[in-house]
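Here is how the chains run, residue by residue.
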Amino acid sequence: MGKVVLVTGVARQLGGRFVRRIQREPDVDRVIGVDAVPPEHHLGGAEFLRADIRHPTIGRVLAEQSVDTVVHMDVNGTPLGKRGSRATVKETNVIGTMQLLGACQKTPSVKRLVVKSSTNVYGSAPRDPAVFTETTPPKSLPSGGFAKDAVEVEGYVRGFARRRPDVAVYVLRFANILGPCADSPLAEYFSLPVLPSVLGFDPRLQFVHEDDAIEVLRIAAGDTNRSTLNSGTFNIAGDGVLLLSQAARRLGRPTLPFFLPTVTWVGSALRSAGFLDFSPEQIRLLTHGRVVETRQMRETLGFQPRYTTPEAFEDFARSRGPGLLPPETLARTVDRIAALMPAGRGQK
C-alpha cells in the first residue's frame, strides 16, 4: 500500500496546486483534500471531503481514512476570496490547528506532518538582525494579526512533536509567496497603480515563487533520502533580496512616500473600504523589511529553489501587466532624481 496524504486548505489556489502535484508521486496511493468550502478549481483524482478543521470531525477523517501524512496548508492571513472575516481566519489558524494536531496525536497511522508557516513569525522591527536564522528570536513578538497566529501555530506544533516523537514534523517558514496565481495581501499591494510607502525607508524583501513552494512541500511530504534530520523548522526563500524601490521600478509603478502615521491611516482606510488588506504587520514589513537565511533549507532539507527572489518577482510582474510608467522610463527618471540629491553635493 502507498501513502495516504491528507491536505488541508485545498480551496485556495496553492492548496489545489499541491494536491494535483502530490498525486503524481509514485509512492502516493491516495490524496484527500479537506476544506470548509468546496474548491472552485479541480483537484485531479483526489478525494474532496468538506470538513471544518475547527471541529472534532477531522479526527474521524484521519482515523477512517488511515492517513499517514498530513500537509497542513490552512494557515493563512486573509479570508478565502471575499468570504469570511479576520475572526474566522484566526479561528481556523489557531483553533483549527489545535483540533488537527489533537486528531493527529490520537491517530497511530499518522507518521509525518508538514505545516505551512511564515517568516512573519520573526516580525519586522527597527533593531532586527540583518538576517534571521531559524533559531534567531525576534526582537519583539508580533502583537496581532497573522504573524501572531503563526507564532501560536508553531507553539502548538512544537508541543505535538514532543508528545509524538515518532512523527516526522516539518515546519516550513515561507517568505512572501509570489507568482502568476498569487493571491496574497502583498500581491494585492504590488497590483496597486501607485504604491504607498514609508518616507525615509526602503526595506529589503524576499520572495519565494509559488512553483518552488509546491516543490518544497512535496519534498517535505515525501521520504527524505537524507539521514541528517527527520524533522525540523526551515526558512524557505529564493536567493537574493529586492529593495521596495527596485520592485516598484520593475513593475513600472511609482511609490508615493508618506510619513509613517499617514501610511497607517491610509492602510486602515483601505482595509475599511475593502480595497486591500493593508494590515499593520504588512506596514511594518514595508518599513523595516525582513531577510532570512536559507542554509538549512539547502543543506538539511536538500531543496534548491529554481527561482531567485528577483526572478520570482519578475514572473509575478509579467502576470500583472504594465504599470503606469514603462519600467525603463521610470528607472531613468529615478536615476536622474538620485543624481540631483544632496548626497552629490555633500562631497568635498
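Residues numbered from 1 in each chain as written. Predicted model: local features only at pLDDT ≥ 70, side-chain atom pairs only at ≥ 80, totals over all residues. Heavy atoms only, no water.

*Asks:* Would you mind showing me how to read the overall build of the chain here?
*Replies:* Of the regular secondary structure elements, the chain holds 13 helices and 13 strands. Split into buried and exposed, the 348 residues of the chain put 50% on the buried side. For the chain, restricting intrachain contacts to residue pairs at least 6 apart in sequence, the fraction spanning at least 24 positions comes to 81%. Approximately 16,200 Å² of the chain is accessible, and the part contributed by carbon and sulfur atoms is 56%. (Helix = DSSP H or I, 4+ residues; strand = E, 2+ residues; numbered from the N terminus. Buried < 20%, exposed > 50% of the residue type's maximum accessible area, 1.4 Å probe, protein only. Contact = heavy atoms within 4.5 Å. Areas by Shrake-Rupley, 256 points an atom, 1.4 Å probe, with all protein chains shown as cover.)

*Asks:* When you look at the packing of aromatic side chains in this model, what are you seeing that I'm missing?
*Replies:* Here the distance between the centres and the angle between the planes together describe a pair of aromatic rings. Within this structure, the stated rule accounts for eight aromatic pairs. A centroid spacing of 5.1 Å and a plane angle of 80° characterise the contact between Phe 190 and Phe 313, whose relative ring orientation is edge-to-face. Remark: Phe 313 occurs in helix H11 (residues 309-320) and Phe 190 occurs in helix H5 (residues 185-190); sequence separation between them is 123 residues. Like Phe 313, Phe 190 is buried. Put simply, the rings of Tyr 189, Phe 190, Phe 207, Phe 313 and Phe 316 pair up and form one aromatic cluster. (Phe/Tyr/Trp six-rings, centres within 6.5 Å; stacked < 30°, edge-to-face > 60°.)

*Asks:* So what exactly am I meant to see when it comes to the sheet that holds strand E6 (residues 168-174) here?
*Replies:* Paired through their backbone hydrogen bonds, the strands of a sheet run either parallel or antiparallel. Pairing within the open sheet is parallel, and its seven strands lie in the order E3-E2-E1-E4-E5-E6-E11. The open sheet is flanked by strand E3 (47-50) and strand E11 (232-236), the only strands paired with a single partner. Between one strand axis and the next, the sheet turns through 20° on average, direction left out of account. Sheet strands in contact with helix H1 (residues 13-22) are strand E1 (3-8), strand E2 (28-35), strand E4 (69-72) and strand E5 (112-118), and its direction is about 165° off that of E2. (Pairing = 2+ DSSP bridges. Axes fitted to C-alpha atoms, helices over the stretch in contact; angles between N-to-C directions.)

*Asks:* Help me understand the nonpolar core in this model?
*Replies:* The nonpolar side chains of a soluble globular protein tend to be buried with one another. By size, the foremost hydrophobic cluster in this structure holds 31 residues, and its most contacted members are Val 7, Phe 18, Val 71, Leu 172, Phe 174 and Ile 236. Only E1, H1, E2, E6, helix H6 (210-221) and E11 provide two or more residues apiece to this core. For this core, the element with the highest residue contribution is H6, accounting for six residues. Excluding residues that lie within four positions of it along the chain, Val 71 makes contacts with Val 5, Leu 6, Val 7, Thr 8, Phe 18, Val 114, Leu 217 and Ala 221. (Core = buried A, V, L, I, M, F, W, Y, C linked by side-chain atoms within 4.5 Å.)

*Asks:* Which parts of the structure should I look at to understand the pattern of salt bridges?
*Replies:* Should their charged atoms come close, side chains of opposite charge can pair. A complete count under the given rule lists 20 salt bridges for this structure. Note that Arg 30 and Glu 47 form a salt bridge whose closest N and O atoms lie 2.9 Å from each other. With Arg 30 in strand E2 and Glu 47 in strand E3, this pair connects stretches of sequence that are 17 residues apart. Judged by relative accessible area, which is 33%, Glu 47 ranks as partly exposed. Note that Asp 52 and Arg 54 form a salt bridge whose closest N and O atoms lie 2.6 Å from each other. (Salt bridge = Lys/Arg side-chain N within 4 Å of Asp/Glu carboxyl O.)

*Asks:* What exactly am I supposed to notice about the side chain of Ser 118 here?
*Replies:* Relative to the helices and strands, Ser 118 resides in strand E5. Only 2.7 Å separates the side chain of Ser 118 from the side chain of Asn 120, close enough to count as a polar contact. Not counting the four nearest positions on each side in its chain, Ser 118 is found in contact with Phe 146, Glu 154, Leu 172, Arg 173 and Phe 174. (Polar contact = N/O pair within 3.5 Å; in protein donor to acceptor, adjacent residues only side chain to side chain.)

*Asks:* Explain unusual backbone geometry to me, please; I cannot follow it from the model alone.
*Replies:* Peptide bonds are trans in most cases, and residues, glycine excluded, mostly fall at negative phi. With a phi angle near 55°, Ser 66 is a residue other than glycine that sits in the positive phi range. By the element assignment, Ser 66 lies in the loop between helix H2 (57-65) and E4. By relative accessible area, which is 43% here, Ser 66 ends up partly exposed.

*Asks:* Would you mind showing me how to read the environment of Ala 175 here?
*Replies:* Tracing the sequence through the fold places Ala 175 in the loop between E6 and strand E7 (176-178). Considering only alpha carbons, one finds Ala 175 and Val 291, 116 residues apart in sequence, at a separation of 8.6 Å. Not counting residues within four places of it along the chain, the set of residues in contact with Ala 175 comprises Thr 119, Gln 206, Phe 207, Val 208, Ile 236 and Ala 237.

*Asks:* When you look at the packing of helix H3 (residues 86-106) against helix H4 (residues 145-163) in this model, what are you seeing that I'm missing?
*Replies:* The geometry of a pair of packed helices is captured by two quantities: the angle between their axes and the separation between those axes. Where H3 contacts H4, the axes come no closer than 10 Å and their chain directions differ by 5°. Taken together, the axis directions place H3 and H4 in an arrangement best described as roughly parallel. Two secondary-structure elements touch here, H3 through Arg 86, Lys 90, Asn 93, Val 94, Thr 97, Met 98, Leu 101, Cys 104 and Gln 105 and H4 through Gly 145, Phe 146, Asp 149, Glu 152, Val 153, Tyr 156, Val 157, Phe 160 and Arg 163. Classifying every residue of the contact of H3 with H4 gives nine nonpolar, four polar and five charged. (Parallel < 35°, antiparallel > 145°, perpendicular 65-115°, else oblique. Nonpolar A, V, L, I, M, F, W, Y, C, P; charged D, E, K, R; others polar.)

*Asks:* Mind showing me how you'd approach H6 here?
*Replies:* An α-helical turn contains 3.6 residues, so any two residues separated by three or four positions project in the same direction. With 12 residues, H6 should cover 16 Å at 1.5 Å per step; its first-to-last C-alpha distance of 17 Å lies within 8% of that length. Judged by how many residues are buried, H6 sits mostly within the fold: nine of 12 residues are covered. Listed in full, the buried residues belonging to H6 are Glu 210, Asp 212, Ala 213, Ile 214, Val 216, Leu 217, Arg 218, Ala 220 and Ala 221. (Expected span 1.5 Å × (residues − 1).)

*Asks:* What's the story with the packing of H2 against H3 in this structure? I'm lost.
*Replies:* Interaxial distance between H2 and H3 falls to 9 Å at its minimum, and their mutual angle equals 35°. Note on packing geometry: the crossing formed by H2 with H3 is right-handed. Judged by residue contacts, Ile 58, Gly 59 and Leu 62 of H2 engage Gln 99, Leu 100, Ala 103 and Cys 104 from H3. Along the lines of polarity and charge, the residues of the contact of H2 with H3 split into five nonpolar, two polar and no charged. (Left-handed = near helix turned anticlockwise from the far one by under 90°.)

*Asks:* I tried to follow the side chain of Glu 134 on my own but got confused; where do I start?
*Replies:* For Glu 134, the position within the fold is in the loop between E5 and H4. A distance of 2.9 Å separates the side chain of Glu 134 from the backbone nitrogen of Asn 235, its partner in a polar contact. Once you skip the residues sitting within four places of it in the chain, Glu 134 turns out to touch Tyr 122, Arg 173, Thr 233, Phe 234, Asn 235, Glu 293 and Gln 296.

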